[in-house]
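In case you want the letters, here they are:
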Amino acid sequence: MMRRVLNVCNMTTKPLLRKSVLRILLLIVYTMLGSWMFHCVEKTPITYKEMSANMLEKTPLQVPTFVNDAYEAVKVGKKVEWTFLNTTSYVFTILTTIGYGHMAPETELGQMLTVLYAIVGLPISMLALKTIGEVIVRCIKSLVIRIEKRLFKTRGVQRIRQKTFLGTCLMMLLFLLLGSILEVVAEGWSFTEGIYTWFVVLSTIGFGDYIPFQSLDQKSHADRRKSLWVFIAILACFTLIGLCVVSAVLTSLVQAVEEYRSKSNPYVCGSKLVQFVKRQKGRVSRSGVYAFNRGMVYMEEGQNIEHYHSRVRTRSNSI
């Protein structure tokens with residue numbers, strides 16, 4: 001029985017897994033295309049730090065204007081450069097709807113491209129996250145079935161959807177803990193700040209007050225860019241998997257609520273019973289009509305045979 005269940009799970013999971021891989025590849029290609037596009041549009045001829053230094057050199061000595069110009073110069077100096085790496089992070093925040101707000105296009109062309117790019121890209125990313133979330137739900141469901149069959153030796157698994165929901169919640173909690181530990185080790189934040197940051201990220205609230213691993217990009221030098229690319233790629237995969245886990249939590253929550261209602265609501269059970277009785281009544285009525293029709297055929301056949309025998313008798317008597 002257990003092998004049959006696992007075989008059914010594998011048969012239903014393989015097409016979904018193939019579909020999720022194709023959608024993820026489409027999302028990656030679309031992300032790289034958007035990164036190159038916004039990098040070409042929003043890149044400035046000089047860096048923001050050089051622009052800030054030029055503005056500070058040209059500030060007058062009058063105190064009010066000096067304060068305003070100095071503030072603008074410092075504000076420009078803190079802007080994030082439109083490098084290809086930072087542009088990839090910007091595109092990733094668009095497609096995942098996190099929206100930190102640390103980068104924003106300043107040209108009219110970049111703003112219009114953001115609107116058009118998001119219109120096309122959001123359905124792609126949402127479908128990819130939803131599909132992978134369904135794969136995670138099915139994997140956890142098959143894992144729950146396997147554990148109860150092998151360890152607890154149960155014949156029939158009950159409340160499977162509710163147990164799957166608890167498994168997805170546990171998985172999301174593990175992601176929050178792991179992300180907070182990474183923040184403590186890499187950037188020296190507190191454990192509470194790490195939990196807060198990754199909850200804001202995975203829930204796509206995106207306040208922008210804490211951005212994971214942004215200080216590493218600001219402190220990095222040219223010789224560390226390659227290693228930083230690898231680290232950012234791992235971070236993007238970690239964030240993407242975490243968002244897929246959140247999608248799995250929402251999917252399993254809906255399924256668990258449906259399972260709870262079907263087992264606890266008497267009206268649902270009563271409606272199913274009514275449907276069953278109607279089907280049985282339909283079968284009984286159809287069989288009764290069939291028996292009645294067959295009886296009429298038999299009666300007609302009996303009358304014809306009796307009429308034939310009476311005709312034979314009258315002929316024999318006449319002879």
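Owing to the predicted nature of the structure, the values given are computational and were not obtained by experimental measurement. (Residues numbered from 1 in each chain as written. Predicted model: local features only at pLDDT ≥ 70, side-chain atom pairs only at ≥ 80, totals over all residues. Heavy atoms only, no water.)

Caption draft 1: Quick peek at the UniProt feature "transmembrane region" (unreviewed entry) in the chain. Using the residue numbers shown here, the UniProt feature "transmembrane region" (unreviewed entry) corresponds to residues 21–39, 115–144, 165–189, 195–216 and 228–254. Secondary structure content for residues 21–39 is 100% helix and 0% strand, and the end C-alpha separation is 27 Å. (UniProt positions renumbered as here; feature names shortened; annotations may be inferred. Helix = DSSP H or I, 4+ residues; strand = E, 2+ residues; numbered from the N terminus.)

Caption draft 2: Summary view of the pattern of salt bridges. Summed over all chains, the structure comprises 4 salt bridges. Between lysine 130 and glutamate 134 there is a salt bridge whose closest N-O contact spans 2.5 Å. Here glutamate 134 and lysine 130 lie together in helix H5 (residues 108–150), a separation of 4 residues that amounts to about one turn. (Salt bridge = Lys/Arg side-chain N within 4 Å of Asp/Glu carboxyl O.)

Caption draft 3: Up close: helix H6 (residues 160–187). The first and last C-alpha atoms of H6 sit 40 Å apart over 28 residues, in line with the 40 Å expected at 1.5 Å per residue. Within H6, the full set of buried residues consists of Ile160, Thr164, Thr168, Phe175, Leu176, Gly179, Ser180, Glu183 and Glu187. One or two steps after H6, the chain reaches glycine 188, where phi turns positive at roughly 75°. (Expected span 1.5 Å × (residues − 1). Buried < 20%, exposed > 50% of the residue type's maximum accessible area, 1.4 Å probe, protein only.)

Caption draft 4: Up close: the layout of surface pockets. The space that makes up the largest pocket amounts to roughly 710 Å³. What lines the largest pocket is a set of 33 residues, among which Thr88, Ser89, Phe92, Ile232 and Ala236 lie closest to the centre. Secondary-structure elements contributing two or more residues to the lining of the largest pocket are helix H1 (2–42), helix H4 (84–95), helix H7 (191–202), helix H8 (214–219) and helix H9 (225–264). At 8 residues, the largest contribution of residues to the lining of the largest pocket is made by H9. (1 Å grid on protein atoms, 1.4 Å probe; cavity = no way out; pocket = protein on both sides within 12 Å on 5 of 7 lines; lining within 4 Å. Points joined across faces, edges and corners; volume = space filled by probe spheres on them.)

Caption draft 5: Seen up close, a nonpolar patch on the surface. A contiguous nonpolar surface patch, about 720 Å² in accessible area, is contributed by Leu170, Leu173, Leu174, Leu177, Ile181, Val184, Val185 and Phe191. Topologically, isoleucine 181 is positioned in helix H6. For isoleucine 181, a relative accessible area of 45% gives the class partly exposed. (Patch = residues over 30% accessible without salt bridge, like charges linked within 9 Å, V, L, I, M, F, W, Y side chains within 5 Å. Areas by Shrake-Rupley, 256 points an atom, 1.4 Å probe, with all protein chains shown as cover.)

Caption draft 6: Examining the packing of H4 against H5 more closely. At a closest axis distance of 8 Å, the pairing of H4 and H5 adopts a crossing angle of 65°. Here Tyr90, Val91, Ile94 and Leu95 of H4 come into contact with H5, specifically with Thr114, Tyr117, Ala118, Gly121, Leu122, Ser125 and Met126. The class makeup of the residues in the contact of H4 with H5 is 8 nonpolar, 3 polar and no charged. (Axes fitted to C-alpha atoms, helices over the stretch in contact; angles between N-to-C directions. Contact = heavy atoms within 4.5 Å. Nonpolar A, V, L, I, M, F, W, Y, C, P; charged D, E, K, R; others polar.)

Caption draft 7: Local environment of the nonpolar core. The biggest cluster of nonpolar side chains holds 43 residues, and the ones touching the most others in it are Leu27, Phe38, Tyr90, Tyr117, Ile136 and Trp198. Listed by contribution, the elements that provide at least two residues to this core are H1, H4, H5, H6, H7 and H9. For this core, the element with the highest residue contribution is H5, accounting for 12 residues. If near-sequence neighbours (up to four positions away) are discounted, tryptophan 198 is found in contact with Leu176, Gly179, Ser180, Glu183, Pro212, Phe213, Leu235, Phe238 and Thr239. (Core = buried A, V, L, I, M, F, W, Y, C linked by side-chain atoms within 4.5 Å.)

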